[in-house]
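# Descriptive structure summary
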Amino acid sequence: MDVAASAAASTPWSIRLDDVTVRYPNGTVGLKNVSLEIPAGSMIAIVGLSGSGKSTLIRTINGLVPVTSGTLDVGEHRVSGASARALRQLRGDIGMVFQGFNLAGRANVLSNVLVGRLAHTPLWRTLLGLYPEADKQLAYRALDSVGILPKLYQRASNLSGGQQQRVAIARALTQEPRIVLADEPVASLDPPTAHGVMADLRRINRDLGITVIVNLHLLDLAREYGVRMIGMRAGEVVYDGDAAGATDADFEAIYGRSISPEDRL
């Protein structure tokens, strides 16, 4: 089934950061004067060392980390300074995919994917597990789009790492998101599985037009799957341009050291 059938058409959101700084309570600067324009429907790869600010950037976009100064707009939402209620509404339209999958291991695949409907379903229905048939159909299509539908009633803990990450992507799709944010989604996967997951994310971007932002540490994946690449170092953007055209010199500027052939595996 075409991935385009896995979610209803939703207008994708653009993202704008204007001189955004994020300072944590312990004084650590996560982002420093970052200004970015990310048009709706973009496919972005963010690269950088641990502590470079790439995870902070994603968590700032979905309102998990507050902006210290500057302004951040996501779709029609002004995220900087937003109320807790406004941030909850924002997150209902942003699909998140994490390195650790964040699945309920004892629950079956369908139950995990239906979690994506929590922001769009009355509380009493979720407490009783009485999801509307339309939500279930949406979950089936999302699972089919990433090749996991046959595992519908298996416990999540019985799946391989790659299968669990595909369930997490299906859960994000079931939200009918305007943006998908993926924080190191393939860091714990073997190379062939990592390519499969990245291909799923790229297909979601191309077929649904959803804005997709992926944090990566593997250089070849960033080059192959990111249309635009943003390189971060010490909380600042040090590269912003074509992903496929990024040179070893560009990566050396991002990582602050020479890039050996082994680093590009």
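Residues numbered from 1 in each chain as written. Predicted model: local features only at pLDDT ≥ 70, side-chain atom pairs only at ≥ 80, totals over all residues. Heavy atoms only, no water.

## Some words on the overall build of the chain
Along the chain, the regular secondary structure elements total nine helices and 10 strands. Of the contacts formed within the chain by residues at least 6 apart in sequence, a portion of 71% connects residues at least 24 apart. Carbon and sulfur atoms make up 50% of the accessible area of the chain, which totals about 11,600 Å². (Helix = DSSP H or I, 4+ residues; strand = E, 2+ residues; numbered from the N terminus. Contact = heavy atoms within 4.5 Å. Areas by Shrake-Rupley, 256 points an atom, 1.4 Å probe, with all protein chains shown as cover.)

## Some points on the confidence of the model for the chain
Predicted confidence across the chain gives a mean pLDDT of 88, with 89% of residues reaching 70 or more. Element-level pLDDT for the chain is lowest in helix α4 (residues 123–128), with a mean of 59, against a maximum mean of 98 in strand β1 (residues 15–23). Low confidence marks residues 1–9, where pLDDT is under 50. Its contacts with residues over four positions away, or in another chain, come to 23 contacts. (pLDDT = per-residue confidence, 0-100.)

## Remarks on the side chain of R117
Assignment of secondary structure puts R117 in the loop between α3 (109–114) and α4. Within the structure, the side chain of R117 is placed 3.3 Å from the side chain of E176, a separation counted as a polar contact. With residues up to four places along the chain from it excluded, the contact list for R117 reads Y131, D135, L138, T174, Q175 and E176. (Polar contact = N/O pair within 3.5 Å; in protein donor to acceptor, adjacent residues only side chain to side chain.)

## With respect to the sheet that holds strand β2 (residues 29–38)
The four strands lie next to each other as β2-β1-β4-β5, forming an open sheet whose pairing is antiparallel. Each having just a single partner strand, β2 and β5 (77–78) make up the two edges of the open sheet. Across six bridges, β1 lies against β2 in antiparallel orientation. The residue bridging L17 from the neighbouring strand is L36, located in β2. (Pairing = 2+ DSSP bridges.)

## Notes on the nonpolar core
M198, L201, L216 and M229 are the most contacted members of the largest nonpolar core, which totals 50 residues. Setting aside its immediate chain neighbours within four residues, L201 contacts M43, I169, V180, A182, P185, V212 and V214. (Core = buried A, V, L, I, M, F, W, Y, C linked by side-chain atoms within 4.5 Å. Buried < 20%, exposed > 50% of the residue type's maximum accessible area, 1.4 Å probe, protein only.)

## Digging into the environment of A142
Mapped onto the secondary structure, A142 falls in helix α5 (residues 133–145). Spatially, the C-alpha atoms of A142 and V113 are 8.5 Å apart, while their sequence positions differ by 29 residues.

## Thoughts on the environment of A107
Along the polypeptide, A107 turns up in the loop between β6 (94–98) and α3. Using a relative accessible area of 23% as the deciding quantity, one classes A107 as partly exposed. In this structure the C-alpha to C-alpha distance between A107 and Y153, which are 46 residues apart in sequence, comes to 8.8 Å. Excluding anything up to four places from it in sequence, A107 contacts N112, Q154, R155 and A156.

## Details of helix α6 (residues 161–174)
Under the 1.5 Å per step criterion, the end-to-end length of α6 is 20 Å for 14 residues, consistent within 8% with the ideal 20 Å. Counting buried positions along α6 yields 12 of 14 residues, so the element is predominantly enclosed. Among the residues of α6, those classed as buried are G162, Q164, Q165, R166, V167, A168, I169, A170, R171, A172, L173 and T174. Where α6 is buried, its residues contact β6, α3, α5 and α7 (191–208). (Expected span 1.5 Å × (residues − 1).)

## Regarding unusual backbone geometry
Positive phi values are uncommon outside glycine, yet E184 reaches one of about 50°. Tracing the backbone shows E184 in the loop between β7 (179–183) and α7. Even without a glycine there, the phi angle at A234 is positive, about 50°. Secondary-structure assignment places A234 in the loop between β9 (228–233) and β10 (236–242).

## Brief notes about the pairing of β1
Connecting β1 to the antiparallel partner β2 that follows it, the hairpin turn spans five residues, and G27 within it adopts a positive phi of roughly 95°. Strand direction decides the pairing type here: β1 and strand β4 (residues 69–74), joined by five bridges, are antiparallel. Along β4, the bridge assignment pairs T21 with S69.

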